[in-house]
Amino acid sequence: PPLDDLATDDVLVRLNAIEISSSLVAAPHTVRYLQEQRILSQLSDIIVASDSEPLSQFVLPAVFKFYGQLCSAGHVSPAELHGQYPIFLERTLLLLESQDAMLFVTLMDTVAMVCGSSSGGGSV
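Remember, predicted model here, so these are calculated numbers, not experimental data.

(A) Up close: unusual backbone geometry. Its identity as a non-glycine residue notwithstanding, R38 has a phi of 60°, on the positive side. Mapped onto the elements of the fold, R38 is located in the loop between α2 (28-36) and α3 (39-49).

Pasting the structure below:
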């Protein structure tokens, strides 16, 4: 299954798996499915591993885009998400100081999506 491809070393395959996962956050039942399949945990692990895996820098924008879309969809509250996976918010705020312009734009979009959600403003 495509969602199993998050664990691969192939960056392009991993990016496609994240994009597929991002398209599933629109409906509550698919968000539950992603949670049951531990997709959020795997994405959290990708963020943690990015310090030691140079190629994961290519994947991080897609991970943060997923995080923003998940929060803005409204099926999971940002506070609940931050409680279970604090690395998403912590790393988002930390990387806002990055010199990488593409990552900065993605992170700003992510913060806007989180803050734009009904319960997100107070969690940032």
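(B) Up close: the side chain of T92. As for its placement among the helices and strands, T92 is situated in helix α6 (residues 86-95). What makes T92 buried here is its relative accessible area of 1%. A distance of 2.5 Å separates a polar side-chain atom of T92 from the backbone oxygen of F88. Apart from residues lying up to four places away in sequence, T92 is in contact with F64, Y67, I87, L107, T110 and V111.

(C) Structural view of a nonpolar patch on the surface. Taken together, the side chains of F104, V105 and M108 define a hydrophobic patch exposed on the protein surface, amounting to about 250 Å² of accessible area. Assessed through its relative accessible area of 35%, F104 is described here as partly exposed.

(D) Seen up close, α6. Taken residue by residue, α6 has I87, F88, L89, R91, T92 and L95 as its buried positions. Residues of α6 that are buried sit in contact with α3, α4 (60-73), α5 (78-84) and α7 (101-116).

Rules used throughout
Residues numbered from 1 in each chain as written. Predicted model: local features only at pLDDT ≥ 70, side-chain atom pairs only at ≥ 80, totals over all residues. Heavy atoms only, no water. Helix = DSSP H or I, 4+ residues; strand = E, 2+ residues; numbered from the N terminus. Buried < 20%, exposed > 50% of the residue type's maximum accessible area, 1.4 Å probe, protein only. Polar contact = N/O pair within 3.5 Å; in protein donor to acceptor, adjacent residues only side chain to side chain. Contact = heavy atoms within 4.5 Å. Patch = residues over 30% accessible without salt bridge, like charges linked within 9 Å, V, L, I, M, F, W, Y side chains within 5 Å. Areas by Shrake-Rupley, 256 points an atom, 1.4 Å probe, with all protein chains shown as cover. Salt bridge = Lys/Arg side-chain N within 4 Å of Asp/Glu carboxyl O.

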